[in-house]
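Below are the chains, spelled out letter by letter.
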Amino acid sequence: MEEGNVIRPSPLRPVGGSLKSPSSGRSSPRGSPSFRRLNSGRTPRRESRTGGIGSHCFRSNRIVLWLLLITLWAYAGFYFQSKWAHGDNKEDLFSGGYGGESSGGNSEPQLNKRRDLIANVDSGAIELQSDINQSSLKNMDVVLMKNGSGVSLNKNTSVKKKSKRSGRGSHKKSRGKLKVVTEDVESDVEIQEEEIPKQNTTYGFLVGPFGSVEDKILEWSPEKRSGTCDRKGAFARLVWSRKFVLIFHEMSMTGAPLAMLELATEFLSCGATISVIVLNKKGGLMPELARRKIKVLEDKTDLSFKTAMKADLIIAGSAVCSSWIEQYLSRTVLGSTQIMWWIMENRREYFNRSKLVLNRVKKLIFLSESQSKQWLAWCEEENIHLNSEPALVPLSVNDELAFVAGIPCSLNTPSFTTENMLEKRQALRSTVRKEMGLTDDDMLVISLSSINPGKGQLLLLESARLMIEQQLQINTSDSKDSILIDHDYYSRALLQNRIIGGGSSEGSTFHAGTKYISSPRIFTNKGTVGPLRSDIDASMRKLLSESKGKKDQNLKILIGSVGSKSNKVPYVKALLTYLSTHSNLSKSVLWTPATTRVASLYAAADVYAMNSQGVGETFGRVTIEAMAFGLPVLGTDSGGTREIVEHNVTGLLHPLGRPGAKVLARNLEFLLQNPSARQEMGERGREKVQNLYLKKHMFQKFGEVLYKCMRIK
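Residues numbered from 1 in each chain as written. Predicted model: local features only at pLDDT ≥ 70, side-chain atom pairs only at ≥ 80, totals over all residues. Heavy atoms only, no water.

- The protein chain goes by N-acetyl-alpha-D-glucosaminyl L-malate synthase in an unreviewed UniProt entry, where it is assigned to Sesamum radiatum.

Put into structure tokens, the structure is as follows:
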């Protein structure tokens, strides 16, 4: 029995060990190996508890350290990105080929080679420009350029500095680049036309500008505002933190540069980064760019190309920018996907100079339907296929002018409501007219376009002469005026006496063979229009009878933009000569200098004349500005003017050329004799501007085009 109850040792227990349970460690000496072995399992567990807390704290501290490191890294990244976006890369801290753009599958050696080529070309161009700037005689420099001496000197310098990897390709590109720079230098040194002194002894009666009068009466100045962006709007969200390069073809106070100036201001106020390239700095807008803190690149070649490569989008603001676009496209592969071209001209010579690159840009933008049809017809004639369908973005009345005109806009505050601004505008009108020497019996007709043959100021003066001489019952001969015949524009206007896109507008009263009458059409109280016949209805008799008891009004004409760089001096001299030969007319003509402060001129006026010739006005932003101030428009029945002005509704239209001068004279007489018709046409024009031509309308359409053109990252 005892043998059967023998307890066998556990196979897990070492041979020769104790038969007692592991828990009975009391019998083992404290320093024996078995004691240490039996109790060794508890000590690590105890140590793991105490060490777990320390490791947990270490891990949490390590996470904090990592978060701190990531934060510092992100801050450094944003800092350098901001420096990069503002062009502060003087020490070449950044690289990346095309300014962070995707390589498009190109290998790194190829990109490095392109950088080397551009660097070598830039060195030669910079040296050439420094040599030219050191010379005091520009004409002599041009002669040296034409003889080739200047080019050969800098070419040798460029060859000495070129790297071995550039090879012959770099030498050829450098030579081509130097040739382009030479052409730019020659264009900058072109002979300046003589200026006519801006004095009363020259022009007869020179008034304005009235900027100080505006500030005093309105108690507000547009110089206090640098932007009116709606930060919560879709346009602001689209352009915020984006980089744009805007190309100005010149700095004159005319339509295209002013539109680009307002576009740059809106971009900047919406949080975008703006760089401006000015191809020709003649004009008076450079101080305005500086006041609005818009960055202007000093160089229009090398630096402008590098800046454009880093931009999200390039916006060219004139057909004249074609030369820069062509040079830029020859230096980058991605250029065609970056350029949006806002063309604001509508003459064939501008198409001819830009047709080589029309199909190499991302998008074309036109101002009016007639301009778009004309350019597409020319493209079809030249077999040019565009990359995409052109967009249509008309210009608008900026908030500064809408504010003074009493139209609701972003500048209105509880202290400057629309009602208050209408009262201030009336006070401004009285003050300015008093300074001009006008009375309530004078009808002031203004024309603020640049003074050149295409704007038709000479034909406007002829119309005024015909009307004044008819009022004075002076026998006027139908023979052509000698000054009009001698001037080269007279024949060109007759040759281009046509209307793009078909005949005259519906209801027009100047069809061929029609006998014109002094007052073509007029409003009825029901809002309909109809020709003025012998059987006038009762409402017409009432409207005409309102002006019978009034004192006859006198015609005054104000011609603007004296001293503008876009004026043609020979044409200005022709106007002055014409006035000197017609003393009755010269007493009724006033002049005003070129200025951006035109609100006082619109407030003082009664009628606006848009007498553009040729193919007509491309759009005519001054037309919608005048309509915003409640002025009826006398315009030519062609181009963008016909799209804006509704005949007998918001103004009166007349044909192109000298035949239209007689119709314009009768339209002037009609508005002179019917102040109530002037007021009603002006009110309807103002309503049209509020519905179609405010800033919010333009930037809504412009934002849609931007969204399609920009590469969304």
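Looking at the overall build of the protein chain
- Across its full length, the protein chain carries 29 helices and 15 strands.
- Out of the 713 residues in the protein chain, the part that is buried amounts to 50%.
- When contacts within the protein chain are restricted to residue pairs at least 6 apart in sequence, long-range pairs at least 24 apart make up 75% of them. (Helix = DSSP H or I, 4+ residues; strand = E, 2+ residues; numbered from the N terminus. Buried < 20%, exposed > 50% of the residue type's maximum accessible area, 1.4 Å probe, protein only. Contact = heavy atoms within 4.5 Å.)

Here's the deal with helix H10 (residues 255–269)
- Compared with the 21 Å implied by 1.5 Å per residue over 15 residues, the 21 Å span of H10 between its first and last C-alpha is a close match.
- Most of H10 sits inside the fold, with 12 of its 15 residues counted as buried.
- Where H10 is concerned, the buried positions are Ala 256, Pro 257, Leu 258, Ala 259, Met 260, Leu 261, Leu 263, Ala 264, Thr 265, Glu 266, Phe 267 and Ser 269.
- Positioned one or two residues after H10, Gly 271 has a phi angle of 95°, which is positive. (Expected span 1.5 Å × (residues − 1).)

Some details on the packing of aromatic side chains
- What the rule picks out here adds up to 17 aromatic pairs.
- Between Phe 235 and Phe 267 the ring centres are 5.7 Å apart and the planes differ by 15°, which places this aromatic pair in the stacked class. Of this pair, Phe 235 sits in helix H9 (residues 234–239) while Phe 267 sits in helix H10, and the two are 32 residues apart along the sequence. In terms of burial, Phe 235 and Phe 267 fall into one category: buried.
- Residues Phe 351 and Trp 378 carry aromatic rings whose centres are separated by 5.5 Å and whose planes lie at 40° to one another, so their mutual orientation is tilted. Of this pair, Phe 351 sits in helix H14 (residues 348–354) while Trp 378 sits in helix H15 (residues 369–381); the two residues are 27 residues apart in sequence, bridging distant segments of the chain. The two residues Phe 351 and Trp 378 agree in class, both being buried.
- By way of ring pairs, the aromatic residues Phe 235, Phe 244, Phe 267 and Phe 699 are connected into one cluster. (Phe/Tyr/Trp six-rings, centres within 6.5 Å; stacked < 30°, edge-to-face > 60°.)

A few points about the nonpolar core
- Among the nonpolar cores identified, the biggest contains 92 residues, and Phe 244, Leu 246, Phe 267, Ile 315, Trp 342, Phe 702 and Leu 706 are the most heavily contacted of them.
- Take this core: its biggest share by element is 8 residues, from H10.
- With sequence-adjacent residues up to four places away left out, Leu 706 is seen in contact with Phe 235, Leu 238, Val 239, Phe 244, Phe 267, Leu 313, Ile 315 and Met 340.
- Ranked by size, the runner-up nonpolar core spans 39 residues in total, among them Ile 196, Ile 559, Val 572 and Val 589. (Core = buried A, V, L, I, M, F, W, Y, C linked by side-chain atoms within 4.5 Å.)

Considerations on the packing of helix H8 (residues 211–218) against helix H17 (residues 418–436)
- Relative orientation of the contacting elements H8 and H17 amounts to 145°, with a least axis distance of 9 Å. As H8 packs across H17, the resulting crossing turns out to be right-handed. Along its contact with H8, which presents Val 213, Glu 214, Ile 217 and Leu 218, the element H17 presents Met 421, Lys 424, Ala 427, Leu 428, Thr 431, Val 432 and Glu 435.
- Class assignment for the residues of the contact of H8 with H17 results in 7 nonpolar, 1 polar and 3 charged. (Axes fitted to C-alpha atoms, helices over the stretch in contact; angles between N-to-C directions. Left-handed = near helix turned anticlockwise from the far one by under 90°. Nonpolar A, V, L, I, M, F, W, Y, C, P; charged D, E, K, R; others polar.)

Regarding the pairing of strand E4 (residues 313–316)
- On E4, burial covers both faces: Leu 313 and Ile 315 on one face and Ile 314 and Ala 316 on the other are all buried.
- Here 4 bridges tie strand E1 (residues 243–248) to E4, and the two strands are oriented parallel to one another. Directly across from Phe 244, in E4, lies its bridge partner Leu 313.
- Inspection of the sheet shows E4 paired to strand E5 (residues 339–342) by 3 bridges, in the parallel sense. Looking at the pairing, Ala 316 lines up with Trp 341 of E5.
- In the classification by handedness, the crossover that spans E4, the intervening helix H13 (residues 322–329) and the parallel E5 is right-handed. (Pairing = 2+ DSSP bridges. Right-handed = clockwise from strand over helix to strand, strands pointing away.)

A short note on the side chain of Asp 606
- Position of Asp 606 among the secondary structure elements: in the loop between helix H24 (599–604) and strand E13 (607–610).
- A polar contact is formed between the side chain of Asp 606 and the backbone nitrogen of Leu 444, at a distance of 2.8 Å.
- The contacts of Asp 606, once residues within four sequence positions are left out, are Arg 429, Arg 433, Asp 442, Met 443, Leu 444, Leu 631, Pro 632 and Arg 678. (Polar contact = N/O pair within 3.5 Å; in protein donor to acceptor, adjacent residues only side chain to side chain.)

Some remarks on the pairing of strand E15 (residues 651–654)
- Residues Gly 651 and Leu 653 point to one face of E15 and Leu 652 and His 654 to the other, with burial holding for every one of them.
- When strand E14 (residues 633–636) meets E15, the two strands line up parallel, connected through 4 bridges. Opposite Val 633, over in E15, you have Gly 651 as the bridge partner.
- Read as a crossover between parallel neighbours, the route from E14 over helix H26 (residues 639–644) to E15 is right-handed.

Notes on the pattern of salt bridges
- Tallied over the full model, the rule gives 23 salt bridges.
- Put simply, Arg 597 and Asp 215 hold a salt bridge, and the shortest N to O gap is 2.6 Å. With Arg 597 in the loop between strand E12 (589–593) and H24 and Asp 215 in helix H8, this pair connects stretches of sequence that are 382 residues apart.
- For Arg 597, a relative accessible area of 13% puts it in the buried group.
- Between Arg 242 and Asp 312 there is a salt bridge; the shortest N-O distance is 3.9 Å. Taken as a pair, Arg 242 in the loop between H9 and E1 and Asp 312 in the loop between helix H12 (302–310) and E4 lie far apart in primary sequence, 70 residues in all.
- By relative accessible area, which is 6% here, Asp 312 ends up buried.
- Counted as one network, the salt bridges with shared partners bring together Arg 348, Lys 355, Glu 381 and Glu 382. (Salt bridge = Lys/Arg side-chain N within 4 Å of Asp/Glu carboxyl O.)

With respect to the state of the cysteines
- Under the defined criterion, the tally for this structure stands at 1 disulfide.
- Here Cys 229 is linked by a disulfide to Cys 270, with a sulfur-sulfur distance of 1.9 Å. Residues Cys 229 and Cys 270 share a disulfide whose torsion about the S-S bond is about 105°; that sign makes it right-handed. Highlighted residues: Cys 229 in the loop between H8 and H9 and Cys 270 in the loop between H10 and strand E2 (273–278), separated in sequence by 41 residues. Comparing Cys 229 with Cys 270 shows no difference in burial state: the two are buried. (Disulfide = S-S within 2.5 Å.)

With respect to the environment of Tyr 203
- Within the secondary structure, Tyr 203 is located in helix H7 (residues 200–203).
- Since its relative accessible area comes to 7%, Tyr 203 is described here as buried.
- As for Tyr 203 and Val 572, which are separated by 369 residues in sequence, their C-alpha atoms are 9.8 Å apart.

Some details on unusual backbone geometry
- Of the consecutive residues Gly 208 and Pro 209, the connecting peptide bond is found in the cis state with omega at 0°.
- With respect to the secondary-structure elements, Pro 209 resides in the loop between H7 and H8.
- Backbone geometry places Glu 219, a non-glycine residue, at a positive phi of 55°.
- Positionally, Glu 219 belongs in the loop between H8 and H9.
- In this structure Glu 219 comes out as exposed when scored by relative accessible area, which is 53%.

Re the confidence of the model for the protein chain
- Here the protein chain averages 75 in pLDDT, while 62% of its residues score no lower than 70.
- Long-range and interchain partners of residues 10–26, a stretch whose pLDDT sits below 50, account for 8 contacts in this model, where long-range means more than four residues apart.
- For the stretch residues 488–545, pLDDT sits under 50, and the model shows 107 contacts to residues farther than four places along the chain or on other chains. (pLDDT = per-residue confidence, 0-100.)

Here we look at the sheet that holds E13
- Across the sheet, which stays open at both edges, the 6 strands sit in the order E12-E11-E8-E13-E14-E15 with parallel pairing between neighbours. Across the chains shown, the open sheet's two edge strands, defined by having one partner strand only, are E12 and E15. Each strand axis lies, on average, 25° off the axis of its neighbour in the sheet, ignoring direction.
- Strand direction decides the pairing type here: strand E11 (residues 554–562) and E12, joined by 4 bridges, are parallel. The residue of E12 that forms the bridge with Ile 557 is Val 589.

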